[in-house]
Amino acid sequence: MNRQNPTLGNMKVLVTGGAGFIGSSLVKRLVNDGADVEVIDNLWRGSLKNLQSIDGKSILKSESKFHLADLTDAAKCLEIIRGFDLVYHLADIVGGVQFAFDHELFIYRQNILINTNVLAACILNKIPNYIYVGTACSFPKHLQMADGIAALREDQTYPAEPESSYGWSKLMGEYEALLAAKSNSINVGVLRFHNVYGPGVSIEQTRAQVIPSLIMKAIRFPEEPFIVWGSGNQYRDFVYIDDVVEALILVVNRGMNQGVIQIGSEKPTSVRDLAEKIIEISGKPITAVYDVTKPEGDRGRVAVCERARQILGWQASTDLETGLRATYDWILKQSSH
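Model, not experiment: these values are computed from the prediction.

1. Focus on the overall build of the protein
Right, so step 1: A tally of regular secondary structure across the protein gives 11 helices and 14 strands.
Right, so step 2: Along the first, second and third principal axes, the C-alpha atoms of the protein reach 55 × 50 × 40 Å.
Right, so step 3: Residues classed as buried in the protein amount to 53% of the 337 residues present.
Right, so step 4: Sequence separation of 24 or more characterises 81% of the internal contacts of the protein that already satisfy a separation of 6 or more.
Right, so step 5: Of the roughly 14800 Å² that the protein leaves accessible, carbon and sulfur atoms contribute 51%.
Right, so step 6: Averaging the positions of the 34 positive and the 38 negative side-chain charges in the protein gives two centres separated by 3 Å.

2. Digging into the packing of aromatic side chains
Right, so step 1: Applying the stated criterion across every chain yields a total of three aromatic pairs.
Right, so step 2: A centroid spacing of 6.5 Å and a plane angle of 50° characterise the contact between Trp 44 and Phe 106, whose relative ring orientation is tilted. Separated by 62 residues along the polypeptide, Trp 44 in the loop between strand S2 (36–41) and strand S3 (66–68) and Phe 106 in helix H4 (residues 104–124) bring together distant segments of the chain.
Right, so step 3: Under the relative-accessibility criterion, Trp 44 is labelled partly exposed at 24%.
Right, so step 4: Their ring planes at 65° and their centres at 5.5 Å tell us that Tyr 197 and Tyr 240 sit as a pair that is edge-to-face. You can see Tyr 197 sitting in strand S8 (residues 195–197) and its partner Tyr 240 sitting in strand S10 (residues 235–240), a full 43 residues away along the chain.
Right, so step 5: We note Arg 192 situated over the ring of Phe 139; from NZ or CZ to the ring centre the distance is 4.6 Å.
Right, so step 6: The residue whose ring lies beneath Arg 272 is Tyr 290, and the NZ or CZ to ring-centre distance is 4.0 Å.

3. Focus on the nonpolar core
Right, so step 1: Counting 69 residues, the largest nonpolar core has Leu 30, Tyr 88, Phe 226, Leu 248 and Ile 263 as its most contacted members.
Right, so step 2: If near-sequence neighbours (up to four positions away) are discounted, Tyr 88 is found in contact with Leu 8, Val 13, Leu 14, Val 15, Thr 16, Leu 26, Leu 30, Ile 131, Leu 248, Ile 249 and Val 252.
Right, so step 3: Of all hydrophobic cores here, the second largest spans 31 residues; its members include Phe 84, Ile 93, Tyr 132 and Val 190.

4. Brief notes about the sheet that holds S8
The strands making up a sheet associate through hydrogen bonds between their backbones, and the pairing can be parallel or antiparallel.
Right, so step 1: Pairing is mixed in the open sheet, where three strands are placed in the order S8-S10-S12. The sheet is open, and its two borders are formed by S8 and strand S12 (268–270), each paired with just one other strand. Across the sheet, the mean angle separating the axes of adjacent strands is 55° when strand polarity is ignored.
Right, so step 2: Pairing geometry for S10 and S12, over three bridges, is antiparallel. Its bridge partner being in S12, Arg 236 is matched across the sheet by Thr 269.
Right, so step 3: Against the sheet, helix H8 (residues 241–254) touches S8 and S10, its axis set at about 70° to S10.

5. Looking at the confidence of the model for the protein
Right, so step 1: With 97% of its residues at a pLDDT of 70 or more, the protein has an overall mean of 93.
Right, so step 2: A low-confidence stretch, residues 1–6 (pLDDT under 50), is modelled with 12 contacts involving residues beyond four sequence positions or located in other chains.

6. Some remarks on the pairing of strand S5 (residues 129–135)
Right, so step 1: Counting buried positions along S5 yields seven of seven residues, so the element is predominantly enclosed.
Right, so step 2: Every second residue of S5 is oriented toward a common face, with Asn 129, Ile 131, Val 133 and Thr 135 on one face and Tyr 130, Tyr 132 and Gly 134 on the other, all of them buried.

7. Some thoughts on the sheet that holds S3
Right, so step 1: Sheet architecture is open: seven strands sit in the order S3-S2-S1-S4-S5-S7-S11, paired in parallel fashion. The sheet is open, and its two edges are formed by S3 and strand S11 (260–263), each paired on a single side. Averaged over all neighbouring strand pairs, the angle between strand axes comes to 20°, with direction disregarded.
Right, so step 2: For S5 and strand S7 (residues 187–193), the ladder comprises seven bridges, and the chain directions are parallel. Opposite Tyr 132, over in S7, you have Val 190 as the bridge partner.
Right, so step 3: Docked against the sheet, helix H6 (residues 165–182) engages S5, S7 and S11, running at close to 155° with respect to S5.

About the criteria used
- Residues numbered from 1 in each chain as written.
- Predicted model: local features only at pLDDT ≥ 70, side-chain atom pairs only at ≥ 80, totals over all residues.
- Heavy atoms only, no water.
- Helix = DSSP H or I, 4+ residues; strand = E, 2+ residues; numbered from the N terminus.
- Buried < 20%, exposed > 50% of the residue type's maximum accessible area, 1.4 Å probe, protein only.
- Contact = heavy atoms within 4.5 Å.
- Areas by Shrake-Rupley, 256 points an atom, 1.4 Å probe, with all protein chains shown as cover.
- Lys, Arg positive; Asp, Glu negative; His and termini not counted.
- Charge placed at Lys NZ, Arg CZ, Asp CG, Glu CD.
- Phe/Tyr/Trp six-rings, centres within 6.5 Å; stacked < 30°, edge-to-face > 60°.
- Lys NZ or Arg CZ within 6 Å of the ring centre and 35° of its normal.
- Core = buried A, V, L, I, M, F, W, Y, C linked by side-chain atoms within 4.5 Å.
- Pairing = 2+ DSSP bridges.
- Axes fitted to C-alpha atoms, helices over the stretch in contact; angles between N-to-C directions.
- pLDDT = per-residue confidence, 0-100.

As structure tokens, then:
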């Protein structure tokens, strides 16, 4: 896989949500590649710690490169989002399954405003390149509820029927980005991510997704019981952070104005298998308890990454075992602080 991207080193790049898990991982890579990087984040979920090197110093060139701002404020977006060669739009409101279903109206409204404000500012301020990150949650609910394994392609998105307002809001952001590309207003790259995990992932209880949540339970065991939400039969496509960042770099040169490209491991992993792998890594005598009264979301989905291979020359290279061990070690280190 080609890791060199000569154009990015000369670019002035903005990352929205750049203090979050995926955003900060991307920022580190961009800085390392020589890009001039700025970040917008309201720190609702992100943290300035994510933008620090091991010695505690900011990885950004100066304090002025970080903008503490709320992207639901259209005027603020117009003020800050100017003079860039490229905007990576990663900012959104998201959380675990419970949060997603308890705050549907809030999530939908916030994400619609965030997406439309950022894109409008890019177009009005004549920024040439915009990369939007969508989610596999935007696939139709009925495809993810069927028996067997739902291996999904990008062309199965419509007729649209996401299960949650989060999936709808992210799909509308995708739709608006593609409309902008169609009208030749801006060059647009659209990546649709499956379940991203790895060191740096959010471990805050109300917002943590399934991998960090189960790892935290394993670390706290036996003080806290190892309870898994749902039957454990639900499955997901888990893709490691380094592979995702690689796709975000590759899309700039190879994936602009090519429509939606999904990014996943192409391997289905049930939550039951995931729990067993995490228990094995923990080395503790844990017996998982499955609570079927709790929500488990869609039955499952897995990516078909033909477009990522053909257009980007990309495919996931980190196996789940390696990724989980790295994530477990990182979370263990965080929780012992």
